Amino acid sequence: MSVASQPRPADESRHTPPPPARPSAWGSLRPLILRLHFYAGVFVAPFLFVAAVSGFLYACSFQAEKILYAHETTVPVGSSELPVAQQVSAARAAHPEGTVSAVRPAPEPGTTTRVLLSGVPGVDADHKLAVFVDPYTAEVRGALEQYGSTGALPLRTWIDEFHRDLHLGQTGRLYSEFAASWLWVIAGGGLVLWFGRRRARRRIRGATGRRRTLSLHGTVGAWAAAGLFVLSATGLTWSTYAGATIGDVREALGQTTPTVSAAVAPGGEHAGHGTAGGNTDGGPSAGPSADVGLDTVLAAARAEGLSDPVEIVPPADSSSAYVVQQIQRSWPVKQDAVAVDPATGEVTDVLRFADHPLLAKMSRWGIDAHTGTLFGIANQIVLAALALSLVLLIGWGYRMWWKRGRGSAFGRPIPRGAWQEVPPYLLVPLMAAIAVLGCFVPLLGIPLAAFLAVDIVLGEIAHRRGKRTYAPAG
């Protein structure tokens, strides 16, 4: 072959393949999000499963209580109600133990009055013994342990404590905080992956195997994501560590929940909003020797616009007032409170829920939505549906993990090294945001830092052995 017939360098350069295009921002982030979603789902899912099952039972417990404790909580409607003081006297005659900590007059026709006793032998210190009294006849219908401001009776109390701390006390609360800390991360990562693949436009019908499971997992997860975000955020508000941080932030911003002042100074003067007192004695005449009584106190609260349901807290001592607080958590929320001088029956302080700071209101609404009281039975149905959705998502997630092995290895993991594909202009602010977030939500930050440390160490070991693998993974 002659020199003239040989290909020229210019011809050769025209056929040289172009250098590979740099991945887009989404292309570089997707493997990292996929790996985080995968491992967080695998290791956190057991905690979320327990929270979901117990949360489902809790959502159903409201209606179950109405059936189980119908004898104690309901009565035939009579012609007129007896004075509240007479009802309390009947409760004390049947249960002289402990002291009266609060009285909840019958909130509507056909329901009973609850007289709450504290310091009763055999009853947990943070629980009360609720004595149920027929408001029309003063008949004592029974007595049950009650917990919390929502008036949870034994069934709901047991489920609530199992959901909150597995009946393990303060140590057990770490389980629920851990689950709440990671729920929004897993849901958010799944939502980003779902939108990135445009799975909303893909039909499930006709798909089989792992693809069908993935479609079900993504579609149900996308529909449930908003509710899961709300559950995660509201669950953290009263957790041990993140909850304390949220409380500090609210205090720094002047957004704490105010309380009506129960302090009554000599001469009838009173202090500004402060902390409401409890009580140390047991009857409607607790506190000063001259006491106008429960019925006069209730009438004074009614005159200030406090409608049912309400709770009356007796004075703590001779320098304290009665506190009457609305206790309706369903919409519209009724949370107004007044303090009433026990010697004169005059209202000494008024606190309206409308005057609460914005974050205090949002915290109240969020907690009530989380516990199923804000919108009544509709709220409880939504919570039950979210809990069932989370159980299904976990089941489908583990099934996909099983199928990733494709018959060769159970639960083949997502390859490591995804973070190395993320450009610095995305990786640096992302790591900074994670570090800041980890300080506020330690049960997210600490496990994530531990996972990254272990992952880097394993990657280096694999590199030295010549077996390092990199993302992306499909």
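Scroll up a little and you will see the structure.
Residues numbered from 1 in each chain as written. Predicted model: local features only at pLDDT ≥ 70, side-chain atom pairs only at ≥ 80, totals over all residues. Heavy atoms only, no water.

K.L.:
Explain unusual backbone geometry to me, please; I cannot follow it from the model alone.
P.N.:
The bulk of non-glycine residues show a negative phi, and the bulk of peptide bonds are trans. Along the chain, Asp308 connects to Pro309 via a cis peptide bond; the corresponding omega equals 0 degrees. Relative to the assigned elements, Pro309 resides in the loop between helix H9 (294-303) and strand E5 (310-313). Following Trp331, the chain continues into Pro332 via a peptide bond in cis, with omega recorded as 0 degrees. On the secondary structure map, Pro332 appears in the loop between strand E6 (322-326) and strand E7 (337-340). Phi at Leu166 takes a positive value of approximately 60 degrees, unusual for a residue other than glycine. Secondary-structure assignment places Leu166 in the loop between helix H5 (154-165) and helix H6 (173-196). On the basis of relative accessible area, Leu166 is assigned to the partly exposed category, the value being 27%. (Helix = DSSP H or I, 4+ residues; strand = E, 2+ residues; numbered from the N terminus. Buried < 20%, exposed > 50% of the residue type's maximum accessible area, 1.4 Å probe, protein only.)

K.L.:
Which parts of the structure should I look at to understand the pattern of salt bridges?
P.N.:
Pairing of side chains with opposite charge becomes possible as their charged atoms draw close. In total, this model carries nine salt bridges according to the counting rule given. Taking the shortest distance from any N to any O, the salt bridge between Glu139 and Arg141 comes out at 3.9 Å. The exposure class assigned to Glu139 is partly exposed, which follows from its relative accessible area of 39%. Taking the relative accessible area as the measure of exposure, Arg141 reaches 17% and is therefore buried. The salt bridge involving Asp368 is made with Arg329; its shortest N-O contact spans 3.2 Å. In this pair, Asp368 sits in helix H10 (residues 358-370) while Arg329 sits in the loop between E6 and E7, placing the two residues 39 residues apart along the sequence. Overall, the relative accessible area of 0% leaves Asp368 in the buried class. Each of Glu304, Asp336 and Arg352 takes part in one network of salt bridges that share partners. (Salt bridge = Lys/Arg side-chain N within 4 Å of Asp/Glu carboxyl O.)

K.L.:
It is not clear to me how the packing of aromatic side chains should be interpreted in this structure. Could you clarify?
P.N.:
When we look at a pair of aromatic rings, we describe it by the centre distance and by the angle of the planes. Evaluated as defined, the whole model comprises 12 aromatic pairs. Taking 6.2 Å as the distance between ring centres and 35 degrees as the angle between the ring planes, the aromatic pair formed by Trp331 and Phe375 counts as tilted. Here Trp331 is found in the loop between E6 and E7, whereas its partner Phe375 is found in the loop between H10 and helix H11 (376-404), with 44 residues between them in sequence. Taken together, the ring pairs connect Phe38, Tyr39, Phe43, Tyr398, Trp401 and Phe451 into an aromatic cluster. (Phe/Tyr/Trp six-rings, centres within 6.5 Å; stacked < 30°, edge-to-face > 60°.)

K.L.:
Would you mind going over H5 with me for this structure?
P.N.:
In an α-helix, one turn spans 3.6 residues, which is why side chains three or four residues apart end up on the same side. For H5, which comprises 12 residues, the first-to-last C-alpha distance of 16 Å matches the rise-based estimate of 16 Å (1.5 Å per residue) to within 8%. Of the residues flanking the end of H5, it is Leu166, one or two places downstream, whose phi is positive at about 60 degrees. (Expected span 1.5 Å × (residues − 1).)

K.L.:
Just checking my understanding: could you explain the nonpolar core for this structure?
P.N.:
Across soluble globular proteins, nonpolar side chains show a tendency to be buried alongside one another. One finds Leu48, Trp182 and Leu228 to be the most contacted residues of the largest nonpolar core, which totals 30 residues. Elements supplying a minimum of two residues to this core: helix H2 (25-68), H6, helix H7 (209-236), H11 and helix H13 (442-464). When residues in this core are grouped by element, the largest group, eight residues, is from H6. When sequence neighbours within four positions are dropped, the list of residues in contact with Trp182 reads Leu36, Ala40, Val44, Leu443, Leu444, Pro447 and Leu448. In terms of nonpolar packing, the next biggest core, distinct from the first, is built from 24 residues, Val115, Val120, Leu294 and Ile312 among them. (Core = buried A, V, L, I, M, F, W, Y, C linked by side-chain atoms within 4.5 Å. Contact = heavy atoms within 4.5 Å.)

K.L.:
Got a minute to help me understand the pairing of E6 in this structure?
P.N.:
Looking along a regular strand, one sees side chains alternate from face to face of the sheet. With four of five residues buried, E6 is to be regarded as a mostly interior element. Inspection of the sheet shows E6 paired to E7 by four bridges, in the antiparallel sense. Paired with Val323 across the strands is Ala339, a residue of E7. (Pairing = 2+ DSSP bridges.)

K.L.:
I would appreciate a short explanation of helix H4 (residues 84-94) in the present structure.
P.N.:
Those residues of H4 that sit buried are Val84, Gln87, Val88, Ala90, Ala91 and Arg92. Contact partners of the buried residues in H4: strand E1 (99-104), strand E2 (113-118), strand E3 (128-133), strand E4 (140-146) and H9.

K.L.:
Looking at this structure, I do not really get the side chain of Ser239. What am I missing?
P.N.:
Structurally, Ser239 is set in the loop between H7 and helix H8 (241-252). The class of Ser239 is buried, set by a relative accessible area of 10%. Polar contacts involving the side chain of Ser239 include one to the main-chain carbonyl oxygen of Leu236, which spans 2.8 Å. In this structure the side chain of Ser239 is engaged in a polar contact, spanning 3.0 Å, whose partner is the backbone nitrogen of Gly243. The contact partners of Ser239, leaving out residues within four places of it in the chain, are Arg173, Glu177 and Ala244. (Polar contact = N/O pair within 3.5 Å; in protein donor to acceptor, adjacent residues only side chain to side chain.)

K.L.:
In this structure, what is going on with the packing of H5 against H6? I would like to understand it.
P.N.:
Geometrically, a packed helix pair is captured by the angle between its two axes and the distance between the axes. As a packed pair, H5 and H6 sit with axes 5 Å apart at the nearest point and diverge in direction by 65 degrees. Accordingly, the angle class assigned to the pair H5 and H6 is roughly perpendicular. Here Phe162, His163, Arg164 and Asp165 of H5 come into contact with H6, specifically with Arg173, Tyr175 and Ser176. (Axes fitted to C-alpha atoms, helices over the stretch in contact; angles between N-to-C directions. Parallel < 35°, antiparallel > 145°, perpendicular 65-115°, else oblique.)

K.L.:
Which parts of the structure should I look at to understand the environment of Glu177?
P.N.:
Here Glu177 shows up in helix H6. Separated by 266 residues in sequence, Glu177 and Leu443 have C-alpha atoms that sit 7.1 Å apart. Discounting chain neighbours no more than four positions away, the residues touching Glu177 are Leu236, Ser239, Thr240, Tyr241, Ala242 and Leu443.

K.L.:
Which parts of the structure should I look at to understand a nonpolar patch on the surface?
P.N.:
The grouping of Val249, Leu253, Leu358, Leu359, Met362, Val436 and Phe440 at the surface amounts to a nonpolar patch, some 630 Å² of accessible area in total. Elements that contribute at least two residues to the nonpolar patch include exactly H10 and helix H12 (424-440). Of all the elements, H10 adds the most residues to the nonpolar patch, at three residues. (Patch = residues over 30% accessible without salt bridge, like charges linked within 9 Å, V, L, I, M, F, W, Y side chains within 5 Å. Areas by Shrake-Rupley, 256 points an atom, 1.4 Å probe, with all protein chains shown as cover.)

K.L.:
Where do I start with the environment of Ala59 in this structure?
P.N.:
You can see Ala59 is positioned in helix H2. Classification of Ala59 by relative accessible area gives buried; the value is 3%. On a C-alpha basis, the gap between Ala59 and His370 in space is 9.6 Å, while along the polypeptide they are 311 residues apart.

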